[in-house]
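Structural features, examined
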Amino acid sequence: MTGEERRLAAANLIVALVALFGGVVTGLFQALEFAGVEVYPSLAPLIRSHYHSVSIHGVLNALVFTTFFICGFLPFILSRSLGAPLASARLGWVTFWVMTAGLVLSSIPLVGNAATVMFTFYPPLKAHWAFYVGLTLVVAGTWLVTLNLVLTWRAWRARNPGLRTPLAAYMSLVTFVMWTIASLGLAAEMIFLLLPWSLGLVGGTDALLARTLFWFTGHPLVYFWLLPAYVSWYTLVPRQAGGKLFSDPMARTSFILFLVLSTPVGIHHQYADPGIHQAWKLLHALLTFAVFFPSLLTFFNVVASLETGGRARGGAGWLNWFVRLPWSDPSLAAQVLAMVLFAFGGIGGLINASFNVNMVVHNTAYIVGHLHLTVGTAVALTFIGITYWLVPHLAGRALWSRTVALVQVWLWFVGMLIFSPTLHELGLRGMPRRTMISHASYLQPEWKTLLPLVGIGGAIVFLSALLYFLNMALTVTVSRRAPQPALEFAEALSGPDHAPAFMDRWRPWLALTALLIVIAYGPTLVRLATTASLNTPGMRVW
Ligand code: HEM
Ligand SMILES: [Cu+2]
C-alpha cells in the first residue's frame with residue numbers, strides 16, 4: 001500500500017472541513033435570526049439576506065461537506081479493507097481536482113448572491129450558470145470515484161478468486177454504485193433543463209419535471225450520506241466498543257436492500273405536488289416503508305454489536321452494558337450519541353413518509369428539526385467522530401485533546417436536544433421553514449415563546465463546532481508526533497462465510513434495482529418529459 005490513499009483522504013477532508021466551517025457559521029446566523037437577534041444588517045455585503053445564508057448553509061453542509069468527506073473516507077476504507085492500493089492514484093487526484101474546480105466555480109455565484117436558490121435549486125428560481133456547471137462537475141467527480149473503487153475491487157477479485165469481499169469494501173462499493181445510479185436524475189435535470197436554461201439557450205423551464213428529476217436523486221442522496229456512517233457503525237465501532245459485529249451476513253443484506261430500495265422512493269418528497277398521480281405517490285410511500293426495513297436491520301445489528309462490547313467490559317443486565325461502553329473515547333462517544341439522536345430522526349422520518357400525515361408537517365420548521373437529527377447529527381457527528389481517529393492517523397500525530405473532544409461531542413448532543421425538538425414543535429404549531437421568521441408579518445405569539453430556544457440550542461452546537469475545529473487545527477499543527485496503530489476492522493460473531501454466495505454477485509441486484517426504478521418512475525417521467533412545455537420564465541426573488 002502506498003501513501004497516496006492517505007494523501008487523497010487528507011485532501012478531501014480538508015475541503016470537507018472548510019465547508020463545514022462555513023456551514024456552521026451560517027447556521028448560527030439563522031438560529032439567531034429565529035431568536036429575534038438582528039444579525040444580517042451587520043453582515044452585509046458578505047451575507048445579503050436570510051435566504052442567502054440558508055443557501056450557503058444547505059450547500060456547504062448538505063452537499064459539499066458530506067460529499068468531500070465521503071469521497072475521502074470510503075476510498076481509504078476500501079483500500080485498507082482489501083489491503084490493496086487504489087487502482088489509480090492518478091485518477092484519484094484528477095477526481096479530486098475536478099470536484100474542487102467544480103466547487104470553486106459554484107461557490108463564486110453562491111457567495112456572490114447570484115445563486116440564492118437553496119440547496120434544492122428548484123426552478124423557476126434561477127441561479128447563475130456557473131452554479132449549475134460547478135455542481136455538475138462535483139457530481140461527475142463522484143462517478144470517477146466509483147470507477148476507481150470498481151477497478152480496485154476487480155483487481156482484488158482477480159487476485160483472490162472465490163474469496164468473499166471484505167465487509168467494509170463491500171459496503172463502500174454498494175454506497176458508490178447506489179449513488180451513481182441515483183445521481184442520473186440530477187445529471188438529467190442539469191443537462192436537459194438547468195444548464196440550457198441558465199445559459200439562455202432555451203427560454204423557460206418546467207418546474208415539475210425539474211423537481212421530479214431532483215428528487216430522483218434527492219432521496220437517495222440521504223442514503224449517500226448515511227451509508228458511510230453505517231460503514232463506520234458496522235465495521236469499526238464494534239471494535240472501538242471492545243466487541244464484535246453481531247452479524248456480517250445481516251449487514252450485507254441491509255446494504256443490498258439499500259441499493260435496491262433507495263431510489264424508487266423519491267416522490268415521497270412530492271406528495272404535495274400537483275401533476276403526479278396519487279397512485280405513484282402511494283407506491284413511493286409503500287416503498288419508503290420498505291426501505292425502513294434495512295434501517296431496522298441496521299439498528300438491531302449495530303445495537304447488538306455495541307452490546308457485545310459493553311458486556312465484554314463487564315456490563316450486566318438489560319441496560320448496564322450501555323453505561324459500560326468506553327465513553328472516554330471521543331470517537332466512540334460521538335458515534336453512539338449520533339445513533340441515539342438518529343433513532344428519533346428515524347421515527348420522525350416515518351411521519352414525513354406517511355402520505356397524508358406528511359401534510360401536517362410539510363414545509364414547516366418540523367422538517368428542519370428532522371434534518372438536523374439525521375444529516376445534521378447522525379451523519380455530521382458520526383463523521384466528526386471518525387475524524388477523531390482518522391485525522392491523527394493521517395497526520396501521524398496524537399489527537400490534541402481528548403477532553404476537549406469529549407466536551408465537544410456532548411455539547412453537540414445537548415445543543416441538538418434543545419434545537420431540534422423545539423423546531424419540531426414549532427413546525428407542529430404551523431411555523432414555515434425557509435422563512436426569515438422574526439420579520440414575518442404573521443409571526444404568531446405561540447411561536448415567539450419557543451424561538452429563543454432555537455437560538456440557544458443553535459449557539460451551543462456552534463460552540464461545539466468551534467471546539468472541534470480548534471482541536472483539529474491543533475492536532476495537525478502542534479500536537480505531538482505519534483505513529484498511529486494500523487487500522488483494524490471489527491471481527492464478526494457471524495462471519496462473511498455465512499453469507500450466501502449470491503450476495504457477492506452484482507448483476508441480479510443491479511437488474512432488480514433497475515426494474516424497480518423503471519416501474520416506480522417510468523410512467524411519470526415519460527409523461528412529464530413528453531408533455532414538458534419549457535415556458536416558465538426564471539425568477540430572481542432575493
Ligand atoms: C451550528 C450548527 C447549526 C445550526 C445553528 C443550524 C441552523 C439551521 C437553521 C436555523 C436552519 C433553518 C433555516 C430556515 O428554514 O429558514 C437550518 C437549515 C438547514 N440546515 Fe442547519 N444548522 C446547523 C448545522 C447543520 C449541519 C451540520 C447540517 C448538515 C450537515 C445542516 C443542514 C441543514 C440543512 C440541509 C438545512 C435546510 C436548508 C434549506 O431549507 O434549504 N445544518 N439550519
Ligand atoms: Cu426522502
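Quick caveat: nothing in here was measured; it's all calculated off a predicted structure. Chains are numbered independently. Their residues run from 1 in the order of the written sequence. All chains are assigned letters beginning with A, and all ligands numbers beginning with 1, in the order in which they are written. pLDDT decides what is reported in this predicted model: residues at 70 or higher carry local features, side-chain atom pairs at 80 or more are listed and counted, and totals for whole chains, interfaces and linings draw on all residues regardless. Heavy atoms from the whole structure form the basis of all side-chain values; hydrogens and water molecules are not counted.

Description of the site of ligand 1
If even one non-hydrogen atom of a residue comes within 4 Å of a molecule or strand, that residue is called near it. Contacts to ligand 1 come from 25 residues, most closely from His50, His57, His372, Arg433 and Arg434. Between ligand 1 and His372, the relevant distance is 2.8 Å, taken from a nitrogen atom to a side-chain nitrogen or oxygen of the residue. Pairs of N or O atoms are called polar contacts if they sit within 3.5 Å, as long as, within protein, a hydrogen donor faces a hydrogen acceptor (for residues adjacent in sequence, only side-chain-to-side-chain pairs). A distance of 3.4 Å separates an oxygen atom of ligand 1 from a polar backbone atom of Thr435. By definition, any uninterrupted DSSP run of H or I lasting at least four residues is a helix, any uninterrupted run of E lasting at least two residues is a strand, and each is numbered from the N terminus. Those elements that place two or more of their residues in the shell around ligand 1 are helix H1 (4–34), helix H3 (50–82), helix H15 (365–395) and helix H18 (451–477). Take the shell around ligand 1: its biggest share by element is six residues, from H1. Here the shell around ligand 1 is composed, by residue class, of 14 nonpolar, nine polar and two charged. Three residue categories are used. Nonpolar comprises Ala, Val, Leu, Ile, Met, Phe, Trp, Tyr, Cys and Pro, charged comprises Asp, Glu, Lys and Arg, and polar comprises the others, including Gly.

Thoughts on a nonpolar patch on the surface
Taken together, Ile351, Val357, Val360 and Leu428 make up a surface patch of nonpolar side chains, about 320 Å² in accessible area. One can find Ile351 in helix H13 (residues 330–353). Using a 1.4 Å probe on the protein chains alone, a residue whose accessible area is under 20% of its type maximum counts as buried, one over 50% counts as exposed, and one in between counts as partly exposed. Judged by its relative accessible area of 34%, Ile351 is partly exposed. Surface patches are drawn from residues lacking salt bridges whose relative accessible area is over 30%; two like charges belong together within 9 Å, two nonpolar side chains (Val, Leu, Ile, Met, Phe, Trp, Tyr) within 5 Å. Under the convention used here, a 1.4 Å probe and the Shrake-Rupley method define accessible areas, while residue burial counts only the protein chains that appear. The rule for a salt bridge is simple: a side-chain nitrogen of Lys or Arg has to be within 4 Å of a carboxyl oxygen of Asp or Glu.

Describing the coordination of the iron atom of ligand 1
Distances define the donors: N, O and S atoms within 2.8 Å of the metal qualify, as do those within 3.2 Å of Na, K or Ca. Water is excluded, so some sites may look unfinished. Of the protein atoms, only His57 (NE2) and His372 (NE2) coordinate the iron atom of ligand 1, at distances of 2.0 Å. Geometry is assigned from donor-metal-donor angles: four donors are tetrahedral when every angle falls between 85 and 135 degrees, four are square planar and six octahedral when opposite donors sit over 155 degrees apart with all other angles between 65 and 115, and any other arrangement is irregular. Relative to the metal, the six donor atoms surrounding the iron atom of ligand 1 lie at angles of 87 to 179°, and the coordination shape comes out octahedral. With His57 in helix H3 and His372 in helix H15, this pair connects stretches of sequence that are 315 residues apart.

Notes on the layout of surface pockets
Of the voids in this model, the second largest pocket is the one considered here, and its volume is about 480 Å³. Both cavities and pockets are sets of points on a 1 Å grid over the protein atoms alone; in a cavity a 1.4 Å probe fits but cannot get out, in a pocket the set is open with protein on both sides within 12 Å along at least five of seven lines, and lining residues sit with an atom within 4 Å of a point. Gln240, Tyr388, Trp389, Gln484 and Pro485 are the residues nearest the centre of the second largest pocket, which is lined by 18 residues in total. Mapped onto the lining of the second largest pocket, the elements with two or more residues apiece are helix H9 (237–240), H13 and H15. A total of four residues in the lining of the second largest pocket trace back to one element, the largest contributor, which is H15. Residues that form the lining of the second largest pocket fall into these classes: 10 nonpolar, four polar and four charged. Grid points are joined across faces, edges and corners, and a volume is the space filled by probe spheres set on the points.

Some details on the coordination of the copper ion (ligand 2)
The protein atoms that coordinate the copper ion (ligand 2) are His219 (ND1), His268 (NE2) and His269 (NE2), at distances of 1.8 to 2.0 Å. The motif formed by the donor residues of the copper ion (ligand 2), counted along the single chain, is H-x48-H-H. In this pair, His219 is assigned in helix H8 (residues 207–235) and His268 in the loop between helix H10 (248–261) and helix H11 (278–312), connecting sequence segments 49 residues apart. The class for His219 is buried, based on a relative accessible area of 7%.

Structural notes on unusual backbone geometry
Each neighbour pair has its own omega, and for Ala44 with Pro45 the value is 0°, a cis peptide bond. Pro124 follows Pro123 through a cis peptide bond whose omega is 10°. Phi is positive for Asn113, close to 65°, though the residue is something other than glycine. Within the secondary structure layout, Asn113 lies in the loop between helix H4 (89–111) and helix H5 (129–159). Of the residues examined, Asn113 reaches a relative accessible area of 6% and is grouped as buried. Look at Met118: it is not a glycine, yet its phi comes out positive at around 65°.

Side note on empty space enclosed by the protein
A complete count under the given rule lists two cavities of 30 Å³ or more for this structure. Roughly 240 Å³ of internal volume is contained in the largest cavity. Considering the residues around the largest cavity, the lining is formed by 18 residues, among which Leu63, Thr67, Leu135, Val139 and Leu186 are closest to the centre. Of all the secondary structure elements, the ones that give two or more residues to the lining of the largest cavity are H3, H4, H5 and H8. By residue class, the composition of the lining of the largest cavity is 13 nonpolar, five polar and no charged. Roughly 150 Å³ of internal volume is contained in the second largest cavity. Surrounding the second largest cavity, 16 residues form its lining, Leu8, Cys71, Pro75, Leu86 and Gly92 being those nearest its centre. Of all the secondary-structure elements, those providing two or more residues to the lining of the second largest cavity are H1, H3, H4 and H5.

Some thoughts on the packing of aromatic side chains
Within 6.5 Å between ring centres, the rings of Phe, Tyr and Trp (the latter by its six-membered ring) count as paired, and their orientation is classed by plane angle as stacked under 30 degrees, edge-to-face over 60, tilted in between. Within this structure, the stated rule accounts for 35 aromatic pairs. Summarising the aromatic geometry, the rings of Trp93 and Phe96 are spaced 5.9 Å apart at their centres and angled 85° between planes, so their arrangement reads as edge-to-face. Of this pair, Trp93 and Phe96 both sit in helix H4, three residues apart, roughly one helical turn. Pairing Phe121 with Tyr132 gives two aromatic rings, centres 6.4 Å apart and planes at 75°, and the pair type is edge-to-face.

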